[in-house]
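# Observations on the model geometry
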Amino acid sequence: MTLVFLENENYTGVYLVNLVSSLLISEVAIQQYESIDGICPNNEAVPSSFKDLADSTLGENAGTFISTVSILVNWCVLSFALMRVGEVVHGSFAGFSSCEISMAFAGVMSVLVAKCPNKLLCNVSSMAVTALFASFAGVLIPGLTHMQDPALTLAAEGTNAAGLVESVLAVTPIFLSTMVFQNIVPTVTKIHDFDRFKTVSSILIGSAIPLFIYVAWCLAVLGGGTENSIERGGLFLTVFSMASIIGSSLGGVMSLSSEIGSVLSEIMECDLDAAEAKEVDSGMKAPTIPSVLLATAPPLIVGILCSHGDSFTQALSCAGQFGSPLLYGIVPTALAWTQRNQETNNLTTDNNLVPGGVMTLAGLGALSAGFIGEELLANFGGIFAASAPMIS
């Protein structure tokens, strides 16, 4: 019982941290847009990636570093999603290998992002969410009549095994990666034309969906009302898995394309004069074929080489241990802190989306830094301990 309680508390805590982080990112994007609105009437400087946000707030060197971290983290998450879709679909199409299915899926995602307007991509995402809810209802509702009280399972002997805290901490990096949605926040903010109400509403409602589904799923499985494997869960569970993968993959490719597009735009501007640079920058704000290919090809190749046909959970763990708390914890804190304290932006606290002032920023930064430190000790503490006698 204690283990499940700690896992749910852990998951809820991660959700709240990610919610504050995402609101900070959208706050920085909106206020940056409002500060340039009217100065750049053609929106050449509209922020659409972490690099765009960091360049104007922390400087170009910091922007390059943050952009690199963002790309690496999203590559890891996308690599898992691409390999997972091959594993899920392979059970229904035995004539194709899981790697072939992953390659075909990556190709479809690339074409969608490269050739379709944002409105159509939003419609595809909405269809995935609809399928997610419909399939989840198909899995959950029929089993409600067979459920026993989940508390009976939680109180059963053996649910309070030793090493509870260690077990929960071990899966925290996976929780961090699976709960991440901040990668798509700059894109969502831009799609909503930097409107505060629409952006905040989308973040609040959208981020609550996986938390609700996770809690409901835990109660249903513990109560014996549903199967927890695709092999035994039937069509609805397969559709549920595919809908979640399609939604996360689409968001990941869009985010990566914007991030890589910003980097490519900067590279191409180096050898151009002002007029040509302005034209290139305006064009590079939309996903291009090179940026989309660079978004999907590396994670696909690494996943095929390293996953051996199975779910590439190592990619999620790698992203969640260091990349996610840095990119979605420390970076938003630094961006918001710097922007709020800039003497030239003339913005009041009434424009801040996240309340709490310095305490909120300090809390998010401290939690993220503490988690990174804990993971460093867990991964490299043995090396330090072994080398200490030799040094002394």
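Computed from a predicted model, the values in this text were never measured in an experiment.

### Some thoughts on the overall build of the chain
Counting its secondary structure elements, the chain contains 14 helices and zero strands. Taken from N to C terminus, the helices and strands of the chain fall in the order α-α-α-α-α-α-α-α-α-α-α-α-α-α. Relative to its 392 residues, the chain shows a buried fraction of 44%. Counting contacts in the chain only where the partners sit at least 6 residues apart, residues at least 24 apart contribute 82% of the total. Here the chain displays about 19,100 Å² of accessible surface, and carbon together with sulfur accounts for 67% of that area.

### Here we look at the pattern of salt bridges
Tallied over the full model, the rule gives four salt bridges. Arg-196 serves as the salt-bridge partner of Glu-34, at 3.0 Å between the closest nitrogen and oxygen. One end of the pair, Glu-34, is in helix α1 (residues 2–36); the other, Arg-196, is in helix α9 (residues 196–222), with 162 residues separating them in the sequence. Glu-87 is the salt-bridge partner of Arg-84, the closest N and O atoms lying 3.1 Å from each other. You can see Arg-84 and its partner Glu-87 sitting in helix α3 (residues 60–90), three residues apart, about one turn around the helix. On the basis of relative accessible area, Glu-87 is assigned to the partly exposed category, the value being 30%.

### Points about a nonpolar patch on the surface
Among the surface-exposed residues, Val-129, Phe-133 and Phe-212 lie close enough to one another that they form a single nonpolar patch of about 260 Å² accessible area. As for its position among the elements, Val-129 is in helix α5 (residues 118–140).

### A look at the packing of helix α2 (residues 50–58) against α3
Relative orientation of the contacting elements α2 and α3 amounts to 155 degrees, with a least axis distance of 7 Å. Taken as axis vectors, α2 and α3 run roughly antiparallel relative to one another. Along this stretch, α2 crosses α3, giving a crossing that reads as right-handed. Across from Phe-50, Lys-51, Ala-54, Asp-55 and Leu-58 in α2, the residues of α3 making contact are Glu-60, Ala-62, Gly-63, Thr-64, Ile-66, Ser-67 and Ser-70. Partitioned by chemical class, the residues of the contact of α2 with α3 number five nonpolar, four polar and three charged.

### Re the environment of Gly-363
Of note, Gly-363 is situated in helix α14 (residues 357–391). Given a relative accessible area of 30%, Gly-363 falls into the partly exposed group. Residues Gly-363 and Val-17, 346 residues apart in the sequence, show an inter-C-alpha distance of 9.6 Å.

### With respect to the confidence of the model for the chain
On average, the chain scores 74 in pLDDT, and the residues at 70 or more come to 67%. Model confidence for the chain, summarised as mean pLDDT per element, is weakest for helix α11 (residues 274–284) at 44 and strongest for helix α4 (residues 98–115) at 89. Under a pLDDT of 50 for its full length, residues 1–6 has, in the predicted model, 15 contacts with residues more than four places off or in other chains. Ignoring residues within four places in sequence, the model shows residues 158–165, a span with pLDDT below 50, making eleven contacts including any to other chains.

### Remarks on the packing of aromatic side chains
One pass over the structure, following the stated rule, counts three aromatic pairs. Aromatic pair Phe-50 and Tyr-328: ring centres 6.0 Å apart, planes at 55 degrees, arrangement tilted. Here the residue Phe-50 occupies a position in helix α2, and Tyr-328 occupies one in helix α13 (residues 313–341), the gap between them amounting to 278 residues. We classify Phe-50 as buried; its relative accessible area is 1%.

### A closer look at α5
The end-to-end C-alpha distance of α5, which contains 23 residues, comes to 33 Å, matching closely the 33 Å that a straight helix rising 1.5 Å per residue would cover. Considered for burial, the residues of α5 that qualify are Leu-121, Val-124, Ala-128, Leu-132, Ser-135, Phe-136, Gly-138, Val-139 and Leu-140.

Cut-offs and rules
Once a new chain begins, its residue numbering starts again from 1 and follows that chain's sequence as written. Where local features are concerned, this predicted model is filtered to residues with pLDDT of at least 70; where side-chain atom pairs are given and counted, the filter is 80 or more; whole-chain, interface and lining totals use all residues. Hydrogens and waters are ignored; side-chain quantities use all the structure's heavy atoms. Helix numbers and strand numbers start at the N terminus; a helix is a DSSP run of H or I with at least 4 residues, a strand a run of E with at least 2. To sort residues, take the accessible area from a 1.4 Å probe on protein chains only and compare it with the maximum for the residue type: under 20% means buried, over 50% means exposed, and anything in between is partly exposed. What makes two residues a contact is simply this: any of their non-hydrogen atoms within 4.5 Å. Here the open area of atoms and residues is found with the Shrake-Rupley method and a 1.4 Å probe, where only the protein chains shown may cover a residue. One speaks of a salt bridge when a side-chain nitrogen belonging to Lys or Arg is within 4 Å of a carboxyl oxygen belonging to Asp or Glu. The patches reported here contain residues having more than 30% relative accessible area and no salt bridge. Joining distances are 9 Å for like charges and 5 Å for nonpolar side chains (Val, Leu, Ile, Met, Phe, Trp, Tyr). For helices, the axis comes from a line fit to the C-alpha atoms of the stretch in contact; other axes are also lines fit to C-alpha atoms, and the angle between any two N-to-C directions lies between 0 and 180 degrees. Each angle receives one of four descriptions, namely roughly parallel if under 35 degrees, roughly antiparallel if over 145, roughly perpendicular if within 65 to 115, and oblique otherwise. Rotating anticlockwise by less than a right angle from the far helix to the near helix defines a left-handed crossing, while the corresponding clockwise rotation defines a right-handed one. Note on residue classes: Ala, Val, Leu, Ile, Met, Phe, Trp, Tyr, Cys and Pro are nonpolar, Asp, Glu, Lys and Arg are charged, and everything else, Gly too, is polar. What pLDDT reports is the predictor's confidence in each residue, on a scale of 0 through 100. Stacked, edge-to-face and tilted labels apply to pairs of Phe, Tyr and Trp rings (six-membered ring for Trp) whose centres lie within 6.5 Å, assigned for plane angles under 30 degrees, over 60, and everything in between, in that order. Take the number of residues in a helix, subtract one, and multiply by 1.5 Å to get its expected span.

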